[in-house]
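Reading the structure
What follows is the residue order along each chain.
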Amino acid sequence: MKILLALVMLADLSGQLGLEHAWQLSKGNGVVVGVVDTGVDDGRPALAGAVLPGAEFPELGTGTHDQLGHGTDVAELVVGVAPEAKILPVKLSGNSVEANAAIRWAVDHGARVLNLSLGSSATGTFDDGLRYAADHDVVVVAAAGNADRDRGVTAPANGPGVLAVSAVGHDGVFRPDVSVAGAEVALAAPGVQVTGTGKSGTSFSAAIVSGVAALVRAEHPDLTAQEVVGLLTSTAEDRGAPGRDPEYGFGVVDPVKALNSPVAHKSEGFIWWTSAAVALTAAAGAFLAFRRRRSRRC
């Protein structure tokens, strides 16, 4: 029954994203996608032969065995979009020190795309690892945050240069009951009942974007990570308010258009915009903190 449900979900996702057309150009051949998560079990049929040897942080002797199933769902979606990509599992159950070490390990072991379907309310928690990934030309994709527990875009998705992904439903409409919105959102993707186990959340919309990034990196291996990000954001299907908005970012990811569009080097607009958004967010936070301090004095 679970296998049948997974096939139905994949078929529905393929229809939403036009994957059959995208696969005529790229299936993500050879691109390594690092999945920093709860581990990945390769026993699912969709993951057969796709999972590389991984690591756990901290090392507790359980390897990359996934007791929760979250990371395995994420990995299954990545290869559902990019069936010839490889998954590099990095099991994380530690603090910020281990989180940054996990990111560095994934980068050092060949990840060209990094999926971070996790979150922290402490801004800056992942900054060391994110800088390392940026310095090594890795596309970093992160879940924006889920409406049932997060009040806004969480770290690492709110970091500069990170593709923060929100969730839309089967109709391509933003789902405020599932996903947070915020200035840092860069892209949207399907995130409602998209896994083989019927789960919803921005963890899974991020995984889909990671899969699309793998398709693009395989088709255009000469593009830098910034250029890949620029291509994904510039070819997204605009939704909501014209232009960039807090719910969809630049729009819903469109793998077919991304793969069919002429590539342009030096796509720095997204990086500039993200840095500006983060700076504005920090300034707003500092202003509010100042107001609170003044209020306490009165």
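As shown above, the structure is provided for reference.
Here goes a summary of the coordinates provided. Note that the structure is a prediction, hence the values are computed from the model and not measured.

Conventions adopted
Residues numbered from 1 in each chain as written. Predicted model: local features only at pLDDT ≥ 70, side-chain atom pairs only at ≥ 80, totals over all residues. Heavy atoms only, no water. Helix = DSSP H or I, 4+ residues; strand = E, 2+ residues; numbered from the N terminus. Buried < 20%, exposed > 50% of the residue type's maximum accessible area, 1.4 Å probe, protein only. Contact = heavy atoms within 4.5 Å. Areas by Shrake-Rupley, 256 points an atom, 1.4 Å probe, with all protein chains shown as cover. Phe/Tyr/Trp six-rings, centres within 6.5 Å; stacked < 30°, edge-to-face > 60°. Pairing = 2+ DSSP bridges. Right-handed = clockwise from strand over helix to strand, strands pointing away. Axes fitted to C-alpha atoms, helices over the stretch in contact; angles between N-to-C directions. Left-handed = near helix turned anticlockwise from the far one by under 90°. Nonpolar A, V, L, I, M, F, W, Y, C, P; charged D, E, K, R; others polar. Salt bridge = Lys/Arg side-chain N within 4 Å of Asp/Glu carboxyl O. Core = buried A, V, L, I, M, F, W, Y, C linked by side-chain atoms within 4.5 Å. Parallel < 35°, antiparallel > 145°, perpendicular 65-115°, else oblique. Expected span 1.5 Å × (residues − 1). Polar contact = N/O pair within 3.5 Å; in protein donor to acceptor, adjacent residues only side chain to side chain.

Looking only at helices and strands, the protein features nine helices and seven strands. For the protein, with 298 residues in total, the buried portion stands at 52%. Considering only contacts within the protein whose residues lie at least 6 apart along the sequence, 74% involve residues at least 24 apart. A total accessible area of about 13000 Å² is found for the protein, and carbon and sulfur atoms account for 56% of it.

Now for the packing of aromatic side chains. The tally for this structure, following the rule as stated, stands at two aromatic pairs. Consider the rings of Phe 174 and Tyr 248, whose centres lie 6.2 Å apart with planes at 65°: the pair is edge-to-face. In this pair, Phe 174 is assigned in the loop between β6 (163-168) and β7 (185-190) and Tyr 248 in the loop between α7 (225-234) and α8 (255-260), connecting sequence segments 74 residues apart. Its relative accessible area of 7% is what places Phe 174 among the buried residues.

The alternating pattern of strand β4 (residues 113-116) places Val 113 and Asn 115 and Leu 114 and Leu 116 on opposite faces, both of which are buried. Sheet analysis places strand β1 (residues 32-37) next to β4, joined by three bridges and oriented parallel. Bridged to Val 35 within β4 is Asn 115. Chirality of the crossover, the property in question, places the unit of β4, helix α5 (residues 127-135) and strand β5 (residues 139-143) among those that are right-handed.

One way to put it is that helix α3 (residues 70-81) packs onto helix α6 (residues 202-219) with a least axis distance of 8 Å and a crossing angle of 35°. The two elements α3 and α6 cross, and the hand of that crossing is right-handed. Of the residues in α6, those touching α3 at His 70, Asp 73, Val 74, Leu 77, Val 78 and Val 81 are Ser 203, Phe 204, Ala 207, Ile 208, Ser 210, Gly 211, Val 212 and Leu 215. In terms of residue class, the contact of α3 with α6 is made up of nine nonpolar, four polar and one charged.

Evaluated as defined, the whole model comprises eight salt bridges. One salt bridge connects Asp 73 with Arg 44, and the closest N-O pair in it is separated by 2.6 Å. Pair noted here: Asp 73 is in helix α3 and Arg 44 is in the loop between β1 and β2 (55-57), with a separation of 29 residues, a long-range link. Classification of Asp 73 by relative accessible area gives buried; the value is 1%.

Right, let's talk about the nonpolar core for a bit. Val 33, Ile 87, Val 139, Leu 163, Val 209 and Leu 232 are the most contacted members of the largest nonpolar core, which has 51 residues in total. No other element matches the 10 residues that α6 contributes to this core.

What follows concerns the sheet that holds strand β3 (residues 86-92). Taken in spatial order, the seven strands make up an open sheet running β2-β3-β1-β4-β5-β6-β7, and their pairing is parallel. Unpaired on one side and paired on the other, β2 and β7 mark the two borders of the sheet. Recorded for the sheet is a direction-independent mean angle of 25° between the axes of neighbouring strands. As judged from the four bridges shared by β4 and β5, these two strands associate in the parallel manner. Counted as the bridge partner of Asn 115 is Val 141 from β5.

This brings us to the environment of Gly 69. Position of Gly 69 relative to the elements: it lies in the loop between β2 and α3. You can call Gly 69 buried: its relative accessible area is 14%. In this structure the C-alpha to C-alpha distance between Gly 69 and Thr 197, which are 128 residues apart in sequence, comes to 9.5 Å. Residues contacting Gly 69, with those up to four places away along its chain left out, are Thr 38 and Arg 44.

Among the secondary structure elements, Val 140 is positioned in strand β5. The sequence separation of Val 140 and Arg 112 amounts to 28 residues, and the corresponding C-alpha distance is 8.7 Å.

This next bit is on the packing of helix α4 (residues 96-108) against α5. Packing of α4 against α5 brings their axes to within 7 Å, and their N-to-C directions diverge by 15°. Considering the angle they form, α4 stands roughly parallel to α5. As for how α4 packs across α5, the hand of that crossing is right-handed. Where α4 abuts α5, its residues Asn 100, Ile 103, Arg 104, Val 107 and Asp 108 lie against Asp 127, Asp 128, Gly 129, Tyr 132 and Ala 133.

We now examine α4. For α4, which comprises 13 residues, the first-to-last C-alpha distance of 18 Å matches the rise-based estimate of 18 Å (1.5 Å per residue) to within 8%. Those residues of α4 that sit buried are Ala 99, Asn 100, Ala 102, Ile 103, Trp 105, Ala 106 and Val 107. The inward-facing, buried residues of α4 contact β1, β2, β3, β4 and α5. N-cap assignment for α4: the residue whose side-chain oxygen lies 3.0 Å from the backbone N of Val 97 is Asn 95.

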